[in-house]
Amino acid sequence: MNRILLTGHKGMLGRELFHVSRELGKEVIGVDLPECDITNRKQTETAVFDAKPDFILHAAAFTAVDRCESEADMAYLVNATGTQNVCLAAQKLDVPLMYLSTDYIFDSAKPHPLPYDEWDAANPMSVYGKSKWAGECFVRDLCAKHFIVRISWLCGHGGTNFVETILKLAKERDELKVVNDQHGSPTFVNDLVPELIRLSENGAYGTYHITNRGFTTWFEFAKKIVELTGLKTRVMPCTTEEFPRPAPRPKNSRLSPRLYENTLGNRMPTWEEGLKKYLGERP
Ligand SMILES: NC(=O)c1ccc[n+]([C@@H]2O[C@H](COP(=O)([O-])OP(=O)(O)OC[C@H]3O[C@@H](n4cnc5c(N)ncnc54)[C@H](OP(=O)(O)O)[C@@H]3O)[C@@H](O)[C@H]2O)c1
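None of the values given here were measured: they were computed from a predicted structure.

Around the ligand, the structure places 24 residues, and the nearest of them are Leu13, Asp32, Thr63, Tyr128 and Lys132. At 2.7 Å, a side-chain N or O of Thr63 approaches an oxygen atom of the ligand. Between an oxygen atom of the ligand and a side-chain N or O atom of Tyr128, the distance comes to 2.7 Å. Protein chains shield 78% of the accessible area of the ligand, which is 890 Å² for the free molecule. Elements supplying a minimum of two residues to the shell around the ligand: helix 1 (12-23), strand 4 (97-102) and helix 5 (127-142). When the residues that make up the shell around the ligand are grouped by side-chain class, the tally is 14 nonpolar, 6 polar and 4 charged.

Angle between the axes and distance between the axes: these two values describe a pair of packed helices. Between helix 4 (residues 72-93) and helix 5, the least distance of the axes is 9 Å, while the angle of their chain directions is 15°. With respect to helix 5, the axis of helix 4 lies roughly parallel. For the pair helix 4 and helix 5, the sense of crossing is right-handed. Contacts between helix 4 and helix 5 pair Ala72, Ala75, Tyr76, Asn79, Ala80, Thr83, Gln84, Cys87, Leu88 and Gln91 from the former with Val127, Tyr128, Lys130, Ser131, Lys132, Ala134, Gly135, Phe138, Val139 and Leu142 from the latter. When grouped by side-chain class, the residues that make up the contact of helix 4 with helix 5 number 12 nonpolar, 6 polar and 2 charged.

Rules behind the numbers
- Residues numbered from 1 in each chain as written.
- Predicted model: local features only at pLDDT ≥ 70, side-chain atom pairs only at ≥ 80, totals over all residues.
- Heavy atoms only, no water.
- Near = heavy atom within 4 Å.
- Polar contact = N/O pair within 3.5 Å; in protein donor to acceptor, adjacent residues only side chain to side chain.
- Areas by Shrake-Rupley, 256 points an atom, 1.4 Å probe, with all protein chains shown as cover.
- Helix = DSSP H or I, 4+ residues; strand = E, 2+ residues; numbered from the N terminus.
- Nonpolar A, V, L, I, M, F, W, Y, C, P; charged D, E, K, R; others polar.
- Axes fitted to C-alpha atoms, helices over the stretch in contact; angles between N-to-C directions.
- Parallel < 35°, antiparallel > 145°, perpendicular 65-115°, else oblique.
- Left-handed = near helix turned anticlockwise from the far one by under 90°.
- Contact = heavy atoms within 4.5 Å.

Following this line, the structure appears as structure tokens:
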């Protein structure tokens, strides 16, 4: 791929995708709000057809998981219909497309500690998860040449993410309570992006799980952030029930990296390595 149309280029992942693709000498045409609203089919088609891409990276989404519960119409409009519009444009140009999806399409039914494989049945618990699953369905139905990459607990510079939230709270409070019964993997944008680009050039279309290696809980993740930054806040474990949120979240959303590792012959750094690098690069 040499000429990429990137949706959501102003977002946490989109910014790094834009930057790294350009560094690799690719032409990247970024589209985002307000110039191009993917919920508007005409605007989306115009943006895609004008760009004449040979690959589409579709990273735009409505990602505020809790807000999706109260703004379900908007969640489905952006994540399902918006994705349908991007897919229809890709279909007309017959160009391959990569869609970013989420561990929240799973429901924890798989007994912990087994990780989810790509072929396990989806059963999203939240509006966000359902709307992203609807997006996956459009991608499979409309684009023969597609990659669907499920990622989880995304952390990137300049974005709203768990590391920044914990660092902010740890400076304000002596003690933090963090959920210790949701299991998954952080995904650091700087580790993920090169793998997305490698996969997109591989031609092995299909669905993949890519996260940093190893599994943890939000509590263990928070403890590590505080430990590595030398902050003195006490981090205490709590249950999901003790920390109710508008959107239900799976207790086990571990994603197996097997297919990605077999296909690319590569392994992601561990989440601890990803975290250390992220903290070291923080402005
Ligand atoms: N963040 C995570 O933990 C996580 C986990 C799993 C999967 N993912 C997936 O990974 C991808 C990237 O996530 P991210 O965290 O980088 O998201 P993000 O920071 O929220 O970026 C998404 C971008 O899409 C834009 N956008 C929203 N609605 C749009 C519309 N109607 N038309 C055009 N652009 C629109 C947003 O603009 P505004 O900011 O102006 O709304 C934003 O610039 C998404 O597909 C997400 O579902 C994320």
